[in-house]
Amino acid sequence: MKDESLSMSRPSWKEYFMDIASLVARRSTCLRRRVGAIVIRDKRILATGYNGAPTGLSHCLDIGCLREQLGVASGERHELCRGLHAEQNVIIQAAYHGVSIKGGTLYCTNLPCSICSKMLINAGICEIIYQEGYADPMAEEMLKSAGVKLTQIDEV
């Protein structure tokens with residue numbers, strides 16, 4: 001006998017993968033914004049990433065945030081951040097483990113910035129599904145010009 005409560009609570013694929021991206025974001029060590037990203041292809045997770053300091057370096061949670069101390073606005077002066085963005089980390093993790101993400105879909109808790117967008121375009125990402133926007137209009141413009149499909153979904 002089929003349990004109706006199970007079928008009603010089963011998340012869609014988009015909800016499922018965005019839930020996982022949100023869980024990945026919980027590993028973030030950034031004091032300003034927690035971001036999680038996963039790349040999937042054929043309903044399989046290829047790599048995950050969250051924002052934070054490079055491996056082996058002190059976390060902003062422990063030593064503070066230079067951008068916060070200087071009052072740098074979100075989306076500006078990326079070079080003053082010691083951390084990597086979640087999207088950068090997902091690309092790096094895939095490369096580190098020899099996994100091609102070409103043709104993949106990125107699920108991300110935030111729309112990528114322009115720097116990450118350029119990387120994702122060159123990595124062959126075909127679609128980006130995200131929850132929240134980001135203060136970087138050039139990113140959306142570049143992604144659309146490159147033919148990367150953008151879909152914003154409500155928090156799941």
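Read on for an overview of the structure. Computed from a prediction, not measured in an experiment: that's the story for all the values here.

Calculation notes
- Residues numbered from 1 in each chain as written.
- Predicted model: local features only at pLDDT ≥ 70, side-chain atom pairs only at ≥ 80, totals over all residues.
- Heavy atoms only, no water.
- Helix = DSSP H or I, 4+ residues; strand = E, 2+ residues; numbered from the N terminus.
- Rg over C-alpha atoms; globule rule 2.2 N^0.38 Å.
- Buried < 20%, exposed > 50% of the residue type's maximum accessible area, 1.4 Å probe, protein only.
- Contact = heavy atoms within 4.5 Å.
- Salt bridge = Lys/Arg side-chain N within 4 Å of Asp/Glu carboxyl O.
- Axes fitted to C-alpha atoms, helices over the stretch in contact; angles between N-to-C directions.
- Parallel < 35°, antiparallel > 145°, perpendicular 65-115°, else oblique.
- Left-handed = near helix turned anticlockwise from the far one by under 90°.
- Nonpolar A, V, L, I, M, F, W, Y, C, P; charged D, E, K, R; others polar.
- Phe/Tyr/Trp six-rings, centres within 6.5 Å; stacked < 30°, edge-to-face > 60°.
- Expected span 1.5 Å × (residues − 1).
- Arc of directions from axis to C-beta.
- Pairing = 2+ DSSP bridges.

## Side note on the overall build of the protein
Here is step 1 of the chain: Along the backbone of the protein there are seven helices and five strands.
Here is step 2 of the chain: For 156 residues, the compact-globule estimate of 2.2 N^0.38 gives 15 Å, and the C-alpha radius of gyration of the protein, at 16 Å, lies within 12% of that figure.
Here is step 3 of the chain: By principal-axis analysis of the C-alpha atoms, the protein measures approximately 60 × 35 × 30 Å.
Here is step 4 of the chain: Relative to its 156 residues, the protein shows a buried fraction of 42%.
Here is step 5 of the chain: A sequence separation of at least 24 residues applies to 54% of the contacts in the protein between residues at least 6 apart.

## As for the pattern of salt bridges
Here is step 1 of the chain: One pass over the full model with this rule turns up four salt bridges.
Here is step 2 of the chain: Of the charged contacts, one joins E68 and R32 as a salt bridge, the two residues approaching to 2.8 Å between their closest N and O atoms. On the criterion of sequence distance, the pair formed by E68 in helix 4 (residues 66-70) and R32 in the loop between helix 2 (13-25) and strand 1 (36-41) is long-range, its members being 36 residues apart.
Here is step 3 of the chain: The exposure class assigned to R32 is partly exposed, which follows from its relative accessible area of 34%.

## Observations concerning the packing of helix 6 (residues 114-123) against helix 7 (residues 137-145)
The relative placement of two packed helices comes down to the angle between their axes together with the axis-to-axis distance.
Here is step 1 of the chain: Packing of helix 6 against helix 7 brings their axes to within 8 Å, and their N-to-C directions diverge by 15°. Looking at the two axes, helix 6 sits roughly parallel to helix 7. The hand of the helix 6/helix 7 crossing is right-handed. Across from S114, S117, K118 and I121 in helix 6, the residues of helix 7 making contact are M138, A139, M142 and L143.
Here is step 2 of the chain: Split into classes, the residues belonging to the contact of helix 6 with helix 7 amount to five nonpolar, two polar and one charged.

## Some details on the packing of aromatic side chains
Here is step 1 of the chain: Per the stated rule, a full pass over the model turns up four aromatic pairs.
Here is step 2 of the chain: Grouped by ring-pair contacts, the aromatic residues W13, Y16, F17 and Y107 constitute a single cluster.

## Some remarks on helix 2
Here is step 1 of the chain: Between its first and last C-alpha, helix 2 extends 18 Å over 13 residues, near the 18 Å set by a 1.5 Å rise per residue.
Here is step 2 of the chain: For helix 2, the full list of buried residues reads F17, M18, I20, A21, V24 and A25. Buried positions in helix 2, seen along its axis, are confined to an arc of 155° and lie on one side of it.
Here is step 3 of the chain: Where the residues of helix 2 are buried, they touch strand 1, strand 2 (44-50), strand 3 (105-110) and strand 4 (127-132).

## Examining unusual backbone geometry
Here is step 1 of the chain: The residue D42 is not glycine, and still its phi comes out positive at about 55°.
Here is step 2 of the chain: Of note, D42 is situated in the loop between strand 1 and strand 2.
Here is step 3 of the chain: Using a relative accessible area of 66% as the deciding quantity, one classes D42 as exposed.
Here is step 4 of the chain: For K43, which is not glycine, the phi dihedral falls at a positive 60°.

## What to know about the sheet that holds strand 1
Here is step 1 of the chain: Read from one edge to the other, the open sheet built from five strands follows the order 2-1-3-4-5, with strand pairing classed as mixed. With partners counted over all chains shown, the strands left at the sheet margins are strand 2 and strand 5 (149-152), one partner each. Averaged over all neighbouring strand pairs, the angle between strand axes comes to 20°, with direction disregarded.
Here is step 2 of the chain: One ladder, built from five bridges, connects strand 3 with strand 4; its direction is parallel. Paired with T105 across the strands is E127, a residue of strand 4.
Here is step 3 of the chain: Those strands touched by helix 5 (residues 86-96) are strand 1, strand 2 and strand 3, and its axis lies near 130° from that of strand 2.

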